[in-house]
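Residues per chain are reported as follows:
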Amino acid sequence: MISYWHNPRCSKSRAGLALLEERGADVQVRLYLQDAPSVAEIKAVQAALGVSAVQMMRTGEKVFKDLGLSKDSAEEDLLAAMAAHPVLIERPIAIKNGKAVIGRPTEAVEALL
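This is a predicted model, so every value here is computed, not measured.

Reading guide: rules and limits
- Residues numbered from 1 in each chain as written.
- Predicted model: local features only at pLDDT ≥ 70, side-chain atom pairs only at ≥ 80, totals over all residues.
- Heavy atoms only, no water.
- Helix = DSSP H or I, 4+ residues; strand = E, 2+ residues; numbered from the N terminus.
- Rg over C-alpha atoms; globule rule 2.2 N^0.38 Å.
- Buried < 20%, exposed > 50% of the residue type's maximum accessible area, 1.4 Å probe, protein only.
- Contact = heavy atoms within 4.5 Å.
- Areas by Shrake-Rupley, 256 points an atom, 1.4 Å probe, with all protein chains shown as cover.
- Lys, Arg positive; Asp, Glu negative; His and termini not counted.
- Charge placed at Lys NZ, Arg CZ, Asp CG, Glu CD.
- Core = buried A, V, L, I, M, F, W, Y, C linked by side-chain atoms within 4.5 Å.
- Salt bridge = Lys/Arg side-chain N within 4 Å of Asp/Glu carboxyl O.
- Pairing = 2+ DSSP bridges.
- Axes fitted to C-alpha atoms, helices over the stretch in contact; angles between N-to-C directions.
- Expected span 1.5 Å × (residues − 1).
- Arc of directions from axis to C-beta.

From N to C terminus, the chain includes 4 helices and 4 strands. The order of α-helices and β-strands along the chain, N terminus first, is β-α-β-α-α-α-β-β. The C-alpha atoms of the chain give 13 Å as radius of gyration, which agrees with the globular expectation for 113 residues (13 Å, within 12%). Considering only C-alpha atoms, the chain reaches an extent of 40 × 25 × 25 Å along its principal axes. Counting the 113 residues in the chain, one finds 44% classified as buried. Within the chain, contacts between residues separated by at least 24 positions form 61% of all contacts whose residues are at least 6 apart in sequence. Accessible area of the chain: about 5900 Å², with a carbon and sulfur share of 49%. The averaged location of the 14 negative side-chain charges in the chain is 4 Å from the averaged location of its 14 positive side-chain charges.

Below, the structure written as structure tokens:
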């Protein structure tokens, strides 16, 4: 089962989901903008990705600047911001068996198949 943090308004997110479905993957879609992950869930995905918090964020979002965040902000502040404002989470993210990938480029999700 692949857990897929999905934003249906995002073309990359739609493309990644379509690729997984074409390959016959068992996918559980999470509309993370409506069902925001907790800080603990975000930390677990961060560990699975093997990246810093800022590397899994959409730093170009207006809310990133409005919150006074920067690429040098403390990890805990960045994680809390993603939980409070899930629009800051890079999309899509696919997770399976303790491994995760950000679906940019779309083909990156194939690593979980």
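Let us look at the nonpolar core. By size, the foremost hydrophobic cluster in this structure holds 23 residues, and its most contacted members are Trp 5, Ile 42, Val 45, Met 56, Met 82, Leu 88 and Ile 93. For this core, the elements supplying multiple residues, two or more each, are helix H2 (39-49), helix H3 (62-66), helix H4 (75-84), strand S3 (93-96) and strand S4 (99-102). Among the elements that line this core, the one with the most residues is H4, at 5 residues. Dropping the residues within four chain positions of it, Met 82 is found in contact with Ile 42, Ala 53, Met 56, Met 57, Leu 88 and Ile 89. Among the nonpolar cores identified, the runner-up in size contains 10 residues, and Tyr 4, Leu 17, Val 27 and Ala 94 belong to it.

Attention now goes to the pattern of salt bridges. Here the structure, examined in full by the defined rule, presents 8 salt bridges. Linked through salt bridges whose partners overlap, the residues forming this network are Arg 58, Glu 61, Glu 90 and Arg 104.

The next point concerns the sheet that holds strand S2 (residues 27-30). With respect to topology, 4 strands assemble into an open sheet ordered S2-S1-S3-S4, the strand pairing being mixed. Looking at the sheet topology across the chains shown, the edges are occupied by S2 and S4. Pairwise comparison of adjacent strand axes, ignoring direction, gives a mean angle of 20 degrees for this sheet. With respect to the sheet, helix H1 (residues 11-22) is in contact with strand S1 (2-5) and S2, its orientation differing from that of S1 by roughly 165 degrees.

Turning our eyes to something else, we now look at H1. An α-helical turn contains 3.6 residues, so any two residues separated by three or four positions project in the same direction. Taking 1.5 Å per residue, 12 residues should reach 16 Å; H1 reaches 16 Å between its end C-alpha atoms and fits that length. What H1 keeps buried is the set Ser 13, Gly 16, Leu 17, Leu 19 and Leu 20. Seen from one end, H1 has its buried residues packed into an arc of 160 degrees, which puts them on one side. Note on H1: the residue one or two positions beyond its end, Gly 24, has a positive phi of about 80 degrees.

What follows is about H2. Buried within H2 are the following residues: Ile 42, Val 45, Gln 46 and Leu 49. Take H2 and look down its axis: the buried residues cluster within an arc of 105 degrees, on one side only. Looking at H2, the residues exposed on the side facing more than 90 degrees away from the buried face are Ala 40 and Ala 47. Packed against the buried residues of H2 are S1, H4, S3 and S4. Gly 50 sits one or two positions beyond H2 and adopts a positive phi of about 75 degrees.

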